[in-house]
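The residues making up each chain are set out below.
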Amino acid sequence: STMPPLLSALANAGRHGVLAKSAVVMERLGRIDAVALDKTGTLTEGSPHVTDIRPVPGSGTDEETLLRLAAAAEHRSEHPLGRAVVAAARARGLDLAEAAGFSSVPGRGVTATVGDRTVRVGSPAHLLPGADGAGAEGIVRELEDAGRTAVLVVVDGTSAGVLGVTDRLRPDAAATVAALTRLTGTPPALLTGDNAPAAARLAAEVGVTDVRAGLLPEEKVAAVREWEEQGRAVLVVGDGVNDAPALAAAHTGVAMGRAGSDLALETADAVVVRDELGTVPAVVRLSRAARRLVL
Ligand code: ADP
Ligand code: MG
């Protein structure tokens, strides 16, 4: 027997490496006319590495201590930046102290107790205003101007240092942006919690002009809602816990499977399992073809 078009599109999407959760998702994907992409883990590979370890001069912290405290605090983090910090400490053979009372706030960072110290690791935009001590701000600016993601480490309320992190662009990022632009008539927007200079640099490399940086998870949702209120059917592609609310608010949410957080995978309508961003426009194309057969 012949399969209904949407079911056969779902099977085809599977062959492309995209797992749609139902045939209805294929129908919805066929309607999208705007796209919002997350940066870290979506346009980039999601396996960032630490490139700079910069203690604040005069803080009494050295490189090794800075990295060890940060890694202990990030030990249980599932954020790509957290994993990068832990990997950097392991690569240097550092002993990771046991942390207690771990908590994480999506889009901001983590807090944990390491020994008798409270360690916060995360976004400078959110941590700097509440931290004592001078010197960190200049390092943050220097690293961000160089296109890095700056991760601030605050120990017992005082800025102890900054880690510079960088991630490779996916090889098919620019081609995917071009394909999505052709499909919707508008270049995709970039929604990121990362800093503006890093976001702008990457956007220019892939051909994105609408860049929203420094966004908290609920601000990603607000951006998506704004477009939906203008009558657009928005496809959101993301990977993180911080993307989950936007994936849920979007007309259709697609999560990157390999480095994606459990929450993003559960919330999304479809999951890219083959870890190739280029499968997203391919699957939009076959959803459109299937819809034409149904209607
Ligand atoms: P994106 O939207 O680009 O995927 P996120 O919203 O996940 O980025 O993170 C935004 C910013 O919050 C990061 O650039 C980083 O500064 C900070 N951050 C979030 N979680 C962590 C963490 N576990 N460790 C360090 N920094 C973090
Ligand atoms: Mg992300």
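The protein has the name Heavy metal-(Cd/Co/Hg/Pb/Zn)-translocating P-type ATPase in an unreviewed UniProt entry, where Streptomyces qinglanensis is given as its organism.

Caption draft 1: Up close: the site of ligand 1. Near ligand 1 lie 24 residues; those nearest to it are Thr 40, His 79, Gly 82, Ser 123 and Gly 193. Listed by contribution, the elements that provide at least two residues to the shell around ligand 1 are α3 (39-43), α5 (80-91), β5 (109-114), β6 (117-122) and β7 (149-155). Among the elements that line the shell around ligand 1, the one with the most residues is α3, at 3 residues. For the shell around ligand 1, the residue count by class is 4 nonpolar, 15 polar and 5 charged. Lining the shell around ligand 1 are residues from two domains, each supplying at least three of them: domain 1 (5-45 + 168-294) and domain 2 (49-166).

Caption draft 2: Highlighting the sheet that holds β5. Here we have 6 strands laid out as an open sheet, ordered β3-β8-β7-β6-β5-β4, and antiparallel in their pairing. The open sheet has two free edges, formed respectively by β3 (49-55) and β4 (99-105), since each of these has just one partner strand. The mean angle between the axes of side-by-side strands here comes to 20°, regardless of whether they run parallel or antiparallel. Sheet topology places β7 next to strand β8 (residues 158-166); 7 bridges connect them, and they run antiparallel. Pairing of Val 151 across the sheet is with Leu 163, part of β8.

Caption draft 3: Spotlight on the sheet that holds strand β2 (residues 34-38). Pairing in this open sheet of 7 strands is mixed, and the strands run β1-β13-β12-β11-β2-β9-β10 from one edge to the other. Each edge of the open sheet is held by one strand with a lone partner, namely β1 (18-20) and β10 (211-212). Pairing of strand β12 (residues 252-256) with strand β13 (residues 270-272) involves 3 bridges; the strand directions are parallel. Bridged to Val 254 within β13 is Ala 270.

Analysis parameters
- Residues numbered from 1 in each chain as written.
- Chains lettered and ligands numbered in written order.
- Predicted model: local features only at pLDDT ≥ 70, side-chain atom pairs only at ≥ 80, totals over all residues.
- Near = placed C-beta within 6 Å.
- Helix = DSSP H or I, 4+ residues; strand = E, 2+ residues; numbered from the N terminus.
- Nonpolar A, V, L, I, M, F, W, Y, C, P; charged D, E, K, R; others polar.
- Domains from an automatic or database assignment.
- Pairing = 2+ DSSP bridges.
- Axes fitted to C-alpha atoms, helices over the stretch in contact; angles between N-to-C directions.

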